[in-house]
Structures are given as C-alpha cells and as structure tokens.
Amino acid sequence: MLASSITTRINTFAAYISTFSKRSLTLLALLTITISLCFLYSSNSPNFLSTTPDGFRFGWNESHLLSPGQYDCGQCAKPPVNDLEPKQIWEACLDPGVVPEYYLTVVMVTRNDNYGDEQFHRLQNSIDSTYLMAENTKTPIELLIVEWNPPAGRRGVGDVYRFRRSKYLTYRIITVPRQIHESLHGKKDSNLYEYEGKNVGIRFARGEYILCVCFLDDIWSQNMHNAMVSRSWRKRMFYVQYHDRHIPYKTLPSTLVELQNFAGDSSLQKACPHNSYAFGSFVMAPHQTLDTTNFLDITSEASEFTLAHRDTWKLTRGYREIGARAWVDVELLLTASFTLDIPITFSPDPFTCHQQHAKVDHPSEESENQNIDVARMMAKEEVHMNEEGQWGLENVDIWKQDLQCKVFRGGLGV
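A quick note: this is a predicted structure, and the numbers were derived from the prediction, not measured. (Residues numbered from 1 in each chain as written. Predicted model: local features only at pLDDT ≥ 70, side-chain atom pairs only at ≥ 80, totals over all residues. Heavy atoms only, no water.)

Caption draft 1: Spotlight on helix α8 (residues 222-229). Burial runs high along α8: six of the eight residues are buried. Among the residues making up α8, those that are buried are Asn223, Met224, His225, Asn226, Ala227 and Met228. Looking at the buried residues of α8, the elements they touch are β1 (102-110), α4 (119-137), β2 (141-148), β4 (207-213), β5 (218-220) and β8 (305-309). Structurally, the start of α8 carries an N-cap: the backbone nitrogen of Asn223 is 3.2 Å from a side-chain oxygen of Ser221. Once α8 finishes, Arg231 follows within two positions and takes phi at roughly 50 degrees, a positive value. (Buried < 20%, exposed > 50% of the residue type's maximum accessible area, 1.4 Å probe, protein only. Helix = DSSP H or I, 4+ residues; strand = E, 2+ residues; numbered from the N terminus. Contact = heavy atoms within 4.5 Å. Polar contact = N/O pair within 3.5 Å; in protein donor to acceptor, adjacent residues only side chain to side chain.)

Now the structure itself:
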C-alpha cells in the first residue's frame, strides 16, 4: 500500500510538471542562475553589505564573553564559567566567530617594557581615546591587545591599565608567552615581533573590519569618528592614511602630538584636530592604482593605520612572518595590489595622530627585508606571502604553549 501511494504521488507530481511549458521552465532556470550569479558577485564586491552596514549586530554571541572576569567591575554580572573546563573558556575567548560581532576591531601589539619612554601614559591615552570613540559613535568596537613576550617580573597589561566600561566597547588581551616568541625566529636582538603579533590579532578578531595600528600610540581624530558613523569602509579594499614621518621636529606637524601625563577626556578629544566633513557625512577618497612611482607615497606610513574587512585580510594571509621590523607593512599592500588585485584607498584626511616619543634605535632594521623587486611584483613575477596555515600561530599548539586570553567589558564608568 505504501509503495502504491508513493508511486501515485510521483505520477501526480510528474503530470503537474508536464503542464509547464518549455518556455516557463527555461525562464525559471534562467532566473535561478541570475539570482545565484548576483549573490556571488555581491559577496566579492567592495560594496557587499553596503546597504546593510550594521549586519554585524546580528552576530552577537554572549558565549564569546566567557572569561574569569577579573577585570570587570565588582557589581557587574559575571560570566557563567564555574561549570566549564579551563580549555572551554579559553577556546570561547579566542573564537573569532563565523560572523562578525563588532563593526571594528582595533589591534594593538605591545609589552610592558617602557618602549620609547613614558609608555604607561601613551598606552593609557590610546585606550582612553578608543573608549571615547566608542561612546561618541555608539558603534560596537573591540580593542584587541596582543601582549607579546611579557617581560619577566613585570605586571601584565591587564593588571596595569585602566579599562573604562562602555556598552559599545569590549576589550580582549591575548598574551603570547616567551616560549612561543623564542620558537619562531631565534633572533636574540628582538623581544617583540610586531607583525607576527598583528597576525595573531587578525586571526582571532571579531570585528567586521580589522584595523592594525602602530604599537600603542594612536589618538583618534574626528575623521575616524565620522568615518565610523558614516559606515565608510567596504569589502575587498585596503585603507591607509596620510601621516607625517616619525622624526624629530622643532614644531610638530598636525599628525604628531604630545600629550601631558594623565591627559583628561577634553585634551584627548582635541589632541588630533583633523575634522574634514560634517558628522555622519564622511567622504572617502577614491582608491588609487599603485605603481613603481607612487607606492612609497601611499604606503610608507602604513604601520600607523592599515584597515580591511576580515575576509580581505584572510586573502592576504596577513603580514609576511619573517621576524622583520621594516618594510613588512609596505610589502603587504604591494601583495594586495599587485598579487591579489585588491584596491588600495589612501585617505588624505588623517584618521589618527601619533603620540611623539623618544627615538628607539633598531640596528638591524636597515638590512631587513631587502630582497623585494617591486617591478617584478607588479608584473606578477614575484610573490611574497605566508604559506596557507603558516601564519597567526596556526602552526603552533598554542594551548600547550600556554597562550592566554582574557575578554572583558571593563570596570570603570558604571
């Protein structure tokens, strides 16, 4: 009886289909193909999600806030971690998520070694400037600090700095221990690998867009606030900015600032004076084509500010990991432009100002990363990229090597 019933239904359905004309079936097939092609095109387009720029808000996942919570305020609700194994909490803390949860992740790489003198005040200013940007733009932001090779006998970043609480800002600190640092390149003259650290941040970031900045010194301009609320960024595009060189000056140019210790909110908000458009109406510059004559003008200060969509970063496989300090940021953009045909947008309107500090000499820097032929890269005859699965510590057992992760909302401002 069952077989007879199934046969009857199949015959009925077949008879129904036969009533469709060939023209109708052809039109249906063409419509299906057209919709599929439109989706594929839009998902690879620089303007993907431009009509729904707040799509990241639908990716919120409270389990990503699992952490012991020691950096949150005493009255704040604690995450439910008591019944979980340490590795479950650790994995949840590192999980980047299938979809983004924040509009922007800011990646900073640092260690408490008083780099450039007055490090405490400069990093605190940068953290506070990020808090003020989150409050002003009311846009979900993640500040991801990669603490690389912490000096023995000193407090960690989470134990030293003030993390003010905002509903729009989440902090995460990923600590890469000495044993991982020493296993990578074997260099004895370097305690921090900036670009390897940035790759760790890129790998685990939860923002739709990921911004790598220069260590610990950035103060945000009103242009940056404005670009945030204007939802100015696009997929499959890299963004860099104009910035003055970090050299001694008699009078500082407008993108280099000196702030007093314990700078207040008003001083931080006024410190970087660049404000080019009405709020909510930021106009992004058109992208530029890199070549051998202009690439240095566009990329020379890229370590200060390089931003792209999380998927775009993955296409490049991050910064090339060779233990170098020099030219790695420039090389990344040459790879994006020449090897992967990803456009570069150079903004003449600065998004950040750099806190001026004492000069730090790196004797080996002049000899690093010299074997790059820009003309050959432009002709696609030379490629400089990490191997698949060989960047961002993907090839390291980071659980066994004791990489640490803490995520929290902060304790002050409640």
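Caption draft 2: Spatial organisation of helix α12 (residues 328-339). Of all 12 residues in α12, 11 are buried; the element is thus mostly enclosed. Considered for burial, the residues of α12 that qualify are Val328, Asp329, Val330, Glu331, Leu332, Leu333, Leu334, Thr335, Ala336, Ser337 and Phe338. Of the residues trailing α12, Asp341 is marked for its positive phi of about 55 degrees.

Caption draft 3: Layout of unusual backbone geometry. In this structure, Lys138 takes a positive phi of about 50 degrees despite not being glycine. Along the chain, Lys138 falls in the loop between α4 and β2. Although it is not a glycine, Asp402 sits at a positive phi angle of roughly 70 degrees. Relative to the helices and strands, Asp402 resides in the loop between α13 (374-378) and β11 (404-408). What makes Asp402 partly exposed here is its relative accessible area of 40%.

Caption draft 4: Quick look at the sheet that holds strand β10 (residues 352-355). If you walk across this open sheet you meet the three strands as β5-β10-β7, and the pairing is mixed. With one partner strand each, in any of the chains shown, β5 and β7 (256-257) form the two edges of the open sheet. Taken together, the two bridges between β7 and β10 define a ladder with parallel strand orientation. Its bridge partner being in β10, Val257 is matched across the sheet by Gln355. (Pairing = 2+ DSSP bridges.)

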